[in-house]
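Descriptive analysis of the structure
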Amino acid sequence: MDLACTEEEEDFRARLRQWLAEALPTLPPKPAATDWPGRRAYDTAWQRMLHDAGYAGVHGDASPTLRLIFLEETERAGAPYVGANFVGLLHAGPTIAAEGTAEQRRRWLPPILRGDEIWCQGFSEPDAGSDLAALRTRAVRDGDAYVVSGAKIWTSHAEVADWCELLVRTDPGAPKHRGITWLAMPMDAPGVTVRPLRTLAGSTEFAEVFLDEVRVPVANRVGEENDGWRVTMVTLSFERGTAFVGEVVACRRVLGALARAARGNGRWDDAVLRRRLGRLNAEFGALWRLIQWNVSEAQATGGTPGVGGSVFKLRYSHARQELYDAAAEVLGAGALDADRTWVADRLSALSYTIAAGTSQIQQNIVAERILGLPKGR
């Protein structure tokens, strides 16, 4: 395994750094955290800038290594995150690129890369919990359409989305992993109702989505009917394997800020705290190398990350929580300052052991698919 970048990849990094240095000062102020229509406009405008500069392709046909370099450099430069379009760019888009037909790739990938269309994820359900295969949303074939009824929850950015990557049950009599189908559903279809949910941090990026006999064209099916579980594993491999790259870079930057703050407020004299920050530094360094390994494996196997993403997701979720616990220790009362982002980030960190597959699910995946242990009863 060679983790070193080629000369061509380092040239890409240098050109990207130069472009970011010139482009970022031209951006308008970022909208308020609660203004999702405004944030959609801001995020999609940034994506259009990337597209026009020739950098949108890193979310499309670029190699996994170039995608890694892109995410690393944009995060280090403080560039906008993918924001409202993270599902399209990091989940649905890569899945369609890997599993969609030529026509589906032509229809959906260019608007995602230009920032013209926003996607959301319709996977989780109120009664399914962490067992995604227990989903109950039904889809009945009626000519050239599926008629879909059910409910989804924790649907990120549903209120500003144009499309939804939707999991439905098309064969209720099949074993639960084998009767699922992956559909692309237009969010403006009759019968779709979106109700935003307010999080602990006060944001409303999640929503409940209710589906009442929504007609979705059969042509919008990605993969074969009842083969949606396999397609979903492709989606989740991107979500767990490479979608958190920028966040690891951000955590390393936060850790550096905490070390500087500790030196400034006298907390650096605490040897226990220094060891804690040092261990976290080693932890995030190891996670970064694990990302590089996942990317190297993806490149060797055709572009789709493997189950190693579950190892990363499991450890990263807990490391992020530990980071913001350390932030509270370093900053003391300053961590509660409403003018800082520590509070929101610490509350957000609590969700990482649940989002994108709970830690318990990741432990099962590691045990069964990597270690070869028998399935639990």
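The structure reproduced in this document is the subject of the present report.

**Focus on helix H2 (residues 36–52)**
With 17 residues, H2 should reach 24 Å at 1.5 Å per residue; the first-to-last C-alpha distance of 24 Å fits that figure. For H2, the set of buried residues is Trp36, Gly38, Arg39, Arg40, Tyr42, Asp43, Thr44, Trp46, Gln47 and Leu50. Its side-chain oxygen at 2.9 Å from the backbone nitrogen of Gly38, Asp35 defines the N-terminal cap of H2. Gly54 sits one or two residues past H2 and shows a positive phi near 90°.

**Let's talk about the pattern of salt bridges**
Counting across every chain of the model gives 26 salt bridges. Of the charged contacts, one joins Arg253 and Glu75 as a salt bridge, the two residues approaching to 2.8 Å between their closest N and O atoms. Pair noted here: Arg253 is in helix H7 (residues 245–265) and Glu75 is in helix H3 (residues 64–76), with a separation of 178 residues, a long-range link. With a relative accessible area of 44%, Arg253 lands in the partly exposed category. Close ionic contact of Glu125 with Lys152 constitutes a salt bridge, the shortest N to O distance being 2.8 Å. Of the two residues, Glu125 sits in the loop between strand S1 (119–122) and strand S2 (138–142) while Lys152 sits in strand S3 (residues 145–152), which places them 27 residues apart along the sequence. A single network of salt bridges, built from pairs that share partners, joins Glu10, Arg13, Arg17 and Glu73.

**A word on helix H4 (residues 86–99)**
Counted at 1.5 Å a residue, the expected span for H4 with its 14 residues is 20 Å, and the 19 Å between its end C-alpha atoms agrees. The axis of H4 is deflected most strongly, by about 40°, at Ala92, and proline Pro94 appears within four residues downstream. Within H4, 11 of the 14 residues are buried, leaving the element largely enclosed by the surrounding structure. Phe86, Val87, Gly88, Leu89, Leu90, His91, Ala92, Gly93, Pro94, Thr95 and Ile96 are the residues of H4 that are buried.

Cut-offs applied
Residues numbered from 1 in each chain as written. Predicted model: local features only at pLDDT ≥ 70, side-chain atom pairs only at ≥ 80, totals over all residues. Heavy atoms only, no water. Helix = DSSP H or I, 4+ residues; strand = E, 2+ residues; numbered from the N terminus. Expected span 1.5 Å × (residues − 1). Buried < 20%, exposed > 50% of the residue type's maximum accessible area, 1.4 Å probe, protein only. Polar contact = N/O pair within 3.5 Å; in protein donor to acceptor, adjacent residues only side chain to side chain. Salt bridge = Lys/Arg side-chain N within 4 Å of Asp/Glu carboxyl O. Bend = angle between axes of the 7 residues up to and from the residue.

As far as function goes, none of this settles anything; it's purely spatial.
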